[in-house]
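Now for the letters of each chain:
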Amino acid sequence: MLRGIFLSLAAMTMAVPALAAEMITKTSPYSVHETVDRLEAAATDAGATVFARVDHAEGAKKVDMELRPTVLLVFGNPKLGTPAMQDAQTAGLDLPLRVLAYADESGDVHVTYRDPVALSEDHGLAADADYLSKMAGALDKLTSKAIAKYAQRC
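Residues numbered from 1 in each chain as written. Predicted model: local features only at pLDDT ≥ 70, side-chain atom pairs only at ≥ 80, totals over all residues. Heavy atoms only, no water.

## Side note on helix α6 (residues 130–147)
The cut-off we apply is this: Only DSSP runs of H or I covering at least 4 residues are called helices, and only runs of E covering at least 2 are called strands; the numbering of each starts at the N terminus. How far a helix is expected to stretch is found by multiplying one less than its residue total by 1.5 Å. Only protein chains enter the area calculation, which uses a 1.4 Å probe; residues under 20% of their type maximum are buried, those over 50% are exposed, and those in between are partly exposed. This arc is built from the directions going out from the helix axis to the C-beta atoms.
With 18 residues, α6 should reach 26 Å at 1.5 Å per residue; the first-to-last C-alpha distance of 26 Å fits that figure. Of all the residues in α6, the buried ones are Tyr131, Leu132, Met135, Leu139, Leu142, Thr143, Ala146 and Ile147. For α6, the arc enclosing every buried residue in end-on projection is 120°, short of the 170-degree limit, so these residues lie on one face.

## Regarding the packing of helix α4 (residues 78–87) against α6
Two numbers describe a pair of packed helices, the interaxial angle and the distance between the axes. We apply this condition: Only the stretch in contact is used when fitting a helix axis, every axis being a line fitted to C-alpha atoms; angles between N-to-C directions are given from 0 to 180 degrees. Angle categories: roughly parallel below 35 degrees, roughly antiparallel above 145, roughly perpendicular from 65 to 115, and oblique for all the rest. Take the far helix as the reference: if the near one is turned anticlockwise from it by less than a right angle, the crossing is left-handed, and if turned clockwise, right-handed. By definition, residues are in contact when any of their heavy atoms lie within 4.5 Å. Residue polarity follows a fixed list, in which Ala, Val, Leu, Ile, Met, Phe, Trp, Tyr, Cys and Pro are nonpolar, Asp, Glu, Lys and Arg are charged, and the others, Gly among them, are polar.
Contact pair α4 / α6: the axes reach a minimum separation of 9 Å and the direction vectors enclose 140°. When the axis of α4 is compared with that of α6, the two are oblique. Pair α4 / α6 crosses with left-handed handedness. Mapping the contact onto sequence places Leu80, Gly81, Pro83, Ala84 and Asp87 in α4 and Tyr131, Lys134 and Met135 in α6. Here the contact of α4 with α6 is built from residues that sort into five nonpolar, one polar and two charged.

## Comments concerning helix α2 (residues 32–45)
Here α2 contains 14 residues, and its C-alpha end-to-end distance of 20 Å stays within 8% of the 20 Å for a straight helix at 1.5 Å per residue. Listed in full, the buried residues belonging to α2 are Val32, Thr35, Val36, Arg38, Leu39, Ala42 and Ala43. Within α2, the buried residues cover an arc of 160° as seen down the axis, which keeps them to one side. Buried residues along α2 sit in contact with β1 (23–28), β2 (49–55), β3 (70–76), β4 (97–103), β5 (109–114) and α6.

## Section: the pairing of β5
What counts here: Strands pair, by our definition, only if DSSP identifies at least two bridges between them.
Where burial is concerned, most of β5 is hidden: five out of the six residues are buried. The pairing of β1 with β5 spans six bridges and is classified as antiparallel. Its bridge partner being in β5, threonine 27 is matched across the sheet by histidine 110. One ladder, built from five bridges, connects β4 with β5; its direction is antiparallel. Note that in β5 the partner of valine 99 across the bridge is tyrosine 113. In this antiparallel pair of consecutive strands, β4 and β5, the connection spans five residues, and glycine 107 shows a positive phi of 90°.

Structural data, given as structure tokens:
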């Protein structure tokens, strides 16, 4: 019995790094709301459709609870998402793409998103599918643009 518990704990411990690897986090020099505004602008400028903006902290206030600033932006491009769902309709559970901006306990702002390559494991998509690498590239580019510091003009 102890051996079974030990093996279960070992398996769970080994799974944690794999789950962590699916999340990509970057630090933003801007407030949560400014970061999301910048991300939304970058996404729309790139031709993506913004489907929703969810302010979790505002939701918490409505039930008399506190939450540090936390905003989810849901956006996508049917040219990338549709082929994924044609290959596995369950990919629609994870599409459109989502990026979470939040302030941590120190006040630092982060943007986090799930690596689209993880869709291959979760939905049986080909790991080398062109649309997955394009989604990953787009998320990297858009989030990098949202958090980029621009040089001040003199």
